[in-house]
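# Overview (structure and organization)
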Amino acid sequence: MGFIKLKDIQKKFGFGENEVIALNKINLEVEKGELLAITGKSGCGKSTLLNILGGLCNPTSGEYLFNNDNISKYSQNKLAKFRNDNIGFVVQNFALINDMTVFDNVMLPLKYTYKRIPNKKEVVESLLVKLGIENKAKMMPSKLSGGQCQRVSIARALACNPEVLLADEPTGSLDEETGKNILNIFKELNKSGMTVIMVTHDLDIASLCSRKIEMKDGKII
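Residues numbered from 1 in each chain as written. Predicted model: local features only at pLDDT ≥ 70, side-chain atom pairs only at ≥ 80, totals over all residues. Heavy atoms only, no water.

## Regarding the pairing of strand S3 (residues 35-39)
The condition that has to hold: Between buried and exposed lies partly exposed: a residue is buried under 20% and exposed over 50% of the maximum accessible area for its type, with that area taken using a 1.4 Å probe on protein chains only. A run of H or I in DSSP becomes a helix once it reaches four residues, and a run of E becomes a strand once it reaches two; helices and strands are each numbered from the N terminus. Any two strands are treated as partners once DSSP identifies two or more bridges connecting them.
Most of S3 is tucked away: 5 of the 5 residues are buried. Neither face of S3 is open: one carries Leu35, Ala37 and Thr39, the other Leu36 and Ile38, and all of them are buried. Sheet topology places S3 next to strand S8 (residues 195-199); 4 bridges connect them, and they run parallel. In the strand pairing of S8, Ile38 is matched with Val199. Summarising the sheet, S3 and strand S9 (residues 211-216) pair through 4 bridges and their orientation is parallel. Bridge assignment links Thr39 to a residue of S9, and that residue is Glu214.

## Some details on the pairing of S8
What counts, and what does not: Clockwise travel from the first strand over the helix to the second, with the strands pointing away from the viewer, marks a crossover as right-handed.
Burial of S8 is extensive: 5 of the 5 residues sit out of reach of the surface. Along S8, one buried face is formed by Thr195, Ile197 and Val199 and the opposite face, lined by Val196 and Met198, is buried too. Looking at chain direction, strand S7 (residues 164-168) and S8 are connected through 5 bridges and run parallel. Bridge pairing links Asp168 to Val199 in S8. Read as a crossover between parallel neighbours, the route from S7 over helix H6 (residues 176-191) to S8 is right-handed.

## Structural notes on the packing of helix H3 (residues 102-112) against helix H4 (residues 120-130)
The criterion, for reference: Note on definitions: angles span 0 to 180 degrees between N-to-C directions of axes, and those axes are lines fitted to C-alpha atoms, for helices only across the stretch in contact. Working rule for angles: under 35 degrees goes down as roughly parallel, over 145 as roughly antiparallel, 65 to 115 as roughly perpendicular, anything else as oblique. Note on convention: the crossing is left-handed when the near helix lies turned anticlockwise from the far helix by less than a right angle, right-handed when the turn is clockwise. Should any heavy atoms of two residues lie within 4.5 Å, those residues are counted as being in contact. All amino acids are sorted into three groups, where Ala, Val, Leu, Ile, Met, Phe, Trp, Tyr, Cys and Pro are nonpolar, Asp, Glu, Lys and Arg are charged, and the leftover types, Gly among them, are polar.
Contact pair H3 / H4: the axes reach a minimum separation of 10 Å and the direction vectors enclose 125 degrees. Judged by the angle between their axes, H3 and H4 are oblique. For H3 against H4, the interelement crossing comes out right-handed. Every residue of H4 that contacts H3 at Val102, Phe103, Val106, Met107 and Leu110 is listed here: Lys120, Lys121, Val123, Val124, Glu125, Leu127 and Leu128. Tallied by class, residues from the contact of H3 with H4 come to 9 nonpolar, no polar and 3 charged.

## What about the packing of aromatic side chains?
The test is simple: Paired rings are identified among Phe, Tyr and Trp, the last through its six-membered ring, by centres lying within 6.5 Å, and are further divided according to the angle between planes into stacked (under 30 degrees), edge-to-face (over 60) and tilted (the rest).
By the definition in use, this model includes 3 aromatic pairs. Ring centres of Phe3 and Phe66 lie 4.9 Å apart, and the angle between their planes is 55 degrees; on these two criteria the pair is classed as tilted. Remark: Phe66 occurs in strand S4 (residues 61-66) and Phe3 occurs in the segment before strand S1 (4-13); sequence separation between them is 63 residues. On the basis of relative accessibility, which here comes to 6%, the residue Phe3 falls in the buried class.

## So, unusual backbone geometry
The general pattern is negative phi for most residues beyond glycine and trans for most peptide bonds. Its identity is not glycine, yet Glu169 carries a phi of approximately 50 degrees, on the positive side. Exposure remark for Glu169: the relative accessible area of 11% places this residue in the buried category. Positive phi values are uncommon outside glycine, yet Asp217 reaches one of about 50 degrees. Take Asp217: it is sitting in the loop between S9 and strand S10 (219-220).

Functional significance is not addressed by these values, which are geometric in nature.
What follows is the structure in structure tokens.
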């Protein structure tokens, strides 16, 4: 059985004539340690699928099994703990807090985690070194390049040592060379054993992943 398993996942928004089926009977297995790319045109359901994988919302129907636990029926409180314990998020626009330093942005999830993590300052310092931005620790995000901001967001996503890293168009706001550098970071994380699932419209980026799936109209094709 896959580390992650989706069974007949549906996600609907709206009611009656306004109902939209964002995901339509999705079946997917992801093995622990995979580097998976999810591709498809805008509006095909990629981000909705990523949101369900990350516990940001429940499916309308179907089952989501994570390491044999059924996540699909979790309450909002249990979903929040699931996210905090298991998932790191990286998004296209970085989602950094502009009036906080790089160090404080990376420290933020450690202040709210359910996990017992000693030496939080050392965790942040180690991640900044790992991502090659230790000399930016006291800077504000507005003073950084796009690639540097994405490195900060990756460090923040790794702060609580998640089992899975989810990335939604992580290279979409970056130039081609910087985008490839960011993908290389994901590949290194994946080599160390982390499961990485990335939504991307860039087929060149997707081709460098270990597996690629394509979506259309809420289905995996």
